[in-house]
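Inside the fold
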Amino acid sequence: MANITFINEGREAIAATGANLRVKALESGIDIYKLMGKMTNCGGCGQCGTCVVEIVEGANNLSPRTAFEERKLKKKPENYRLACQTLVNGPVSVKTKP
């Protein structure tokens, strides 16, 4: 089990090991999309790049960046991830809408 702390919202979610970060956020009522992302997101298929989050703590408890993330986030800091491409394997702290 893994605790996911959503810093901006002051909320925490408990996830099974290997859970998808985007799915857990949405199940917990956490809005991860900015205005345009709300209208244009791909529904978690890893095609649009609108579910960007900042990992504050616990980056080592996440799956490695995918090739798509490397392309979409190449000008972003290493601690930025696409929530739909990220699997949680341990405790992590996340900032939404960085």
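Overview of the structure. (Residues numbered from 1 in each chain as written. Predicted model: local features only at pLDDT ≥ 70, side-chain atom pairs only at ≥ 80, totals over all residues. Heavy atoms only, no water.)

1. Here we look at the overall build of the chain
Looking only at helices and strands, one finds three helices and seven strands in the chain. In the chain, the order of α-helices and β-strands from amino to carboxyl end is β-β-β-α-α-β-α-β-β-β. For the chain, whose C-alpha radius of gyration is 12 Å, the value lies close to the compact-globule estimate of 13 Å for 98 residues. By its C-alpha atoms, the chain is 30 × 25 × 20 Å across when sized along the principal axes. Out of the 98 residues in the chain, the part that is buried amounts to 42%. Taking contacts inside the chain between residues at least 6 apart in sequence as the whole, the part at least 24 apart equals 58%. (Helix = DSSP H or I, 4+ residues; strand = E, 2+ residues; numbered from the N terminus. Rg over C-alpha atoms; globule rule 2.2 N^0.38 Å. Buried < 20%, exposed > 50% of the residue type's maximum accessible area, 1.4 Å probe, protein only. Contact = heavy atoms within 4.5 Å.)

2. Topic: unusual backbone geometry
Its identity is not glycine, yet lysine 97 carries a phi of approximately 50°, on the positive side. As for its placement among the helices and strands, lysine 97 is situated in the segment after β7 (92-96).

3. Concerning the nonpolar core
For soluble globular proteins, the rule of thumb is that nonpolar side chains tend to be buried together. Within the largest apolar cluster, 25 residues are counted, with the highest numbers of intra-cluster contacts made by Ile4, Phe6, Leu21 and Val94. At the level of secondary structure, the elements contributing two or more residues to this core comprise β1 (2-6), β2 (11-15), α1 (21-27), β4 (52-57), β5 (80-82) and β7. Aside from chain neighbours lying at most four places away, what touches leucine 21 is Ile4, Phe6, Val53, Ile55, Ala83, Thr86, Val88 and Val94. (Core = buried A, V, L, I, M, F, W, Y, C linked by side-chain atoms within 4.5 Å.)

4. Remarks on the sheet that holds β1
By definition, the strands of a sheet pair up through backbone hydrogen bonds, in either a parallel or an antiparallel sense. As summarised here, the arrangement of the five strands in space is β2-β1-β7-β4-β5, forming an open sheet in which the pairing is mixed. Among the strands making up the open sheet, the edge pair consists of β2 and β5. In this sheet, neighbouring strand axes are inclined to one another by 35° on average, regardless of whether the strands run parallel or antiparallel. Relative to β7, β4 runs antiparallel, the two being bridged by four bridges. Across the sheet, residue glutamate 54 finds its bridge partner in β7, namely lysine 95. (Pairing = 2+ DSSP bridges. Axes fitted to C-alpha atoms, helices over the stretch in contact; angles between N-to-C directions.)

5. Examining the side chain of lysine 24
Mapped onto the fold, lysine 24 is located in helix α1. Other than its neighbours up to four places away in sequence, lysine 24 contacts Ile4, Ile14, Ala15 and Ala19.

6. So, the environment of glycine 18
Relative to the assigned elements, glycine 18 resides in the loop between β2 and β3 (19-20). C-alpha separation for the pair glycine 18 and serine 63, spaced 45 residues apart in sequence, amounts to 8.3 Å.

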